[in-house]
Amino acid sequence: MFTLPRVTLFPLLLLSLPTPRLHADPPPTVVNLWPGAAPGEKGDIGEEKDLSKPTDGTPGGKPVIRLGNVSQPTITIYPAPADKASGAAVVVCPGGGYNILAWDLEGTEICDWLNSIGVTGVLLKYRVPKRTGLEKHTAALQDVQRAVGIVRSRAQDWHLNPARIGVLGFSAGGHLAAAVSNNYVERTYPHVDAADDTSCRPDFAVLIYPAYLTANDQREKNATWLPSIAADLPITAKTPPTFIVMAEDDPVHVENALFYALALKNAKVPLELHVYPSGGHGYGLRPNGHAVTTWPQRAGEWLGKLGMLEKQP
């Protein structure tokens, strides 16, 4: 991947930043995912709150809301402005290692950017931390399956095209977006209502510095180790078209992106992969002086090529 000249990097970044939300835009709507308690919840997680500490990092020079102890999952609908709306919607999955949710960095700020390109943002507040005795993403996968089904079933109410419902995730949220992209034939929870009769297969997926896409990393034990795709990601030809971004120096390891992309290619799934030499992890869309943070422009171009940004009559 070529590196953009330094003199052009920041003007491009300014073009990619979302415009401030106008007062005339429709306000966000919060929808509970489950009519009662979420599957298996016992009410013993504790108070939902920001778990940020003074020693936590500040990507882009700004703090991050690190939302924890989520037991009542929701989706928040950020409608695209009427003069730009394409009918597309994206369920946004913030990252946080399945322990917290980077709520603004990888959530609300992303919905504002999606709105700027005519896409409705659907911010998923999925259950964290991972539940004792269950796989790290068990509860979260139930939540994202339910969320995609609800959005598609409510498409007419929310002025959406049911064939333009995608997912976008960061880090652990990138794994979650990949998980629902490959686990959609059957729900992982008992049937609730008519929303569960609607397909929860995303029409496209965007994975930004995704984690957990490969099997356990053994690089420290075996210098010749090559990763394999995680067993919970059964990629097939029906896995949706996927856009992937990662920096080579990402401490989560760029192999997550490389080997997932190769598996998609082998299954003949359309994909676009961008690997940048530097940029690290956890930047969201906040500029950090590295070309990797121009990913929103590349993602917008890709969505356009898929036909997801064409304004509907």
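Residues numbered from 1 in each chain as written. Predicted model: local features only at pLDDT ≥ 70, side-chain atom pairs only at ≥ 80, totals over all residues. Heavy atoms only, no water.

## Notes on the sheet that holds strand E6 (residues 101-102)
Then comes step 1: Taken in spatial order, the three strands of this open sheet run E2-E3-E6, and their pairing is antiparallel. Each edge of the open sheet is held by one strand with a lone partner, namely strand E2 (49-50) and E6.
Then comes step 2: With two bridges joining them, E2 and strand E3 (residues 66-68) adopt antiparallel strand pairing. Across the sheet, residue Lys49 finds its bridge partner in E3, namely Gly68. (Pairing = 2+ DSSP bridges. Helix = DSSP H or I, 4+ residues; strand = E, 2+ residues; numbered from the N terminus.)

## Some remarks on the pattern of salt bridges
Then comes step 1: Evaluated as defined, the whole model comprises 16 salt bridges.
Then comes step 2: Across the salt bridge formed by Glu41 and Arg131, the nearest N and O atoms sit 2.9 Å from each other. Of this pair, Glu41 sits in the loop between strand E1 (29-32) and E2 while Arg131 sits in the loop between strand E7 (120-125) and helix H3 (138-153), and the two are 90 residues apart along the sequence.
Then comes step 3: Given a relative accessible area of 16%, Glu41 falls into the buried group.
Then comes step 4: For Asp143, the salt bridge goes to Arg127, with nearest N and O atoms at 3.0 Å. Of the two residues, Asp143 is situated in helix H3 and Arg127 in the loop between E7 and H3; the sequence distance between them amounts to 16 residues.
Then comes step 5: Given a relative accessible area of 0%, Asp143 falls into the buried group.
Then comes step 6: Taking the relative accessible area as the measure of exposure, Arg127 reaches 3% and is therefore buried.
Then comes step 7: Each of Glu41, Arg127, Arg131 and Asp143 takes part in salt bridges that share partners, so that together they form one network. (Salt bridge = Lys/Arg side-chain N within 4 Å of Asp/Glu carboxyl O. Buried < 20%, exposed > 50% of the residue type's maximum accessible area, 1.4 Å probe, protein only.)

## Brief notes about the confidence of the model for the protein
Then comes step 1: When pLDDT is averaged along the protein, the result is 91; 88% of the residues meet or exceed 70.
Then comes step 2: Mean pLDDT values for the elements of the protein range from 34 in helix H1 (residues 6-16) up to 99 in strand E5 (residues 89-93).
Then comes step 3: Contacts of residues 1-23 to residues separated by more than four positions or lying in other chains number 34 contacts, the stretch itself having pLDDT below 50. (pLDDT = per-residue confidence, 0-100. Contact = heavy atoms within 4.5 Å.)

## Regarding the nonpolar core
Then comes step 1: In terms of nonpolar packing, the biggest core is built from 85 residues, with Ile75 and Leu124 touching the most fellow members.
Then comes step 2: Sorting elements by how many residues they give to this core places H3 first, with seven residues.
Then comes step 3: Those residues in contact with Ile75 that lie beyond four places of it in its chain are Thr29, Val30, Val31, Leu33, Val122, Leu123, Leu124, Ala147, Ile150, Val151 and Trp158. (Core = buried A, V, L, I, M, F, W, Y, C linked by side-chain atoms within 4.5 Å.)

## A short note on the packing of H3 against helix H4 (residues 172-182)
Then comes step 1: Contact pair H3 / H4: the axes reach a minimum separation of 10 Å and the direction vectors enclose 65°. In the crossing of H3 with H4, the sense of the turn from one axis to the other is right-handed. Facing Ala140, Leu141, Val144 and Gln145 of H3, the residues of H4 in contact are Leu176, Ala179 and Val180. (Axes fitted to C-alpha atoms, helices over the stretch in contact; angles between N-to-C directions. Left-handed = near helix turned anticlockwise from the far one by under 90°.)

## What to know about unusual backbone geometry
Then comes step 1: Residue Pro129 is reached from Val128 by a cis peptide bond, and omega for that bond is -5°.
Then comes step 2: The residue Tyr98 is not glycine, and still its phi comes out positive at about 60°.
Then comes step 3: Tracing the backbone shows Tyr98 in the loop between E5 and E6.
Then comes step 4: Look at Tyr212: it is not a glycine, yet its phi comes out positive at around 65°.

## A short note on H4
Since the α-helix turns once every 3.6 residues, residues separated by three or four places project in the same direction.
Then comes step 1: Taking burial as the measure, the 11 residues of H4 include 11 buried ones, the bulk of the element.
Then comes step 2: All of the buried residues along H4 are Ala172, Gly173, Gly174, His175, Leu176, Ala177, Ala178, Ala179, Val180, Ser181 and Asn182.

## So, the environment of Ser52
Then comes step 1: Note that Ser52 resides in the loop between E2 and E3.
Then comes step 2: A residue is classified by how much of its surface remains accessible, and Ser52, at 29% relative accessible area, is partly exposed.
Then comes step 3: Sequence separation between Ser52 and Gly68 is 16 residues, and the spatial gap between their C-alpha atoms is 9.1 Å.
Then comes step 4: Beyond its immediate chain neighbours, meaning those up to four positions away, Ser52 contacts Val64, Ile65 and Arg66.
Then comes step 5: Reaching out from Ser52, the side chain makes a polar contact with the backbone oxygen of Val64 at a distance of 2.7 Å.
Then comes step 6: Polar side-chain contacts of Ser52 include one of 3.3 Å to the backbone nitrogen of Arg66. (Polar contact = N/O pair within 3.5 Å; in protein donor to acceptor, adjacent residues only side chain to side chain.)

## Section: the environment of Pro73
Then comes step 1: Inspection of the secondary structure puts Pro73 in the loop between E3 and strand E4 (74-78).
Then comes step 2: Excluding residues within four positions of it along the chain, Pro73 makes contact with Asn32, Leu33, Trp34, Ala38, Lys125, Tyr126, Arg127 and Asp143.

## Let's talk about the sheet that holds E7
Then comes step 1: Taken together, the eight strands give an open sheet; going across it, the order is E1-E4-E7-E5-E8-E9-E10-E11, and neighbouring strands pair in mixed fashion. Single-partner strands in this sheet number two, and they are E1 and strand E11 (271-276). Ignoring strand direction, the axes of neighbouring strands in this sheet form an average angle of 15°.
Then comes step 2: Sheet analysis places E1 next to E4, joined by four bridges and oriented antiparallel. The partner of Asn32 across the bridge, within E4, is Thr74.
Then comes step 3: Relative to the sheet, helix H6 (residues 295-305) contacts strand E8 (165-170), strand E9 (205-208), strand E10 (242-247) and E11, its axis offset from that of E10 by approximately 165°.

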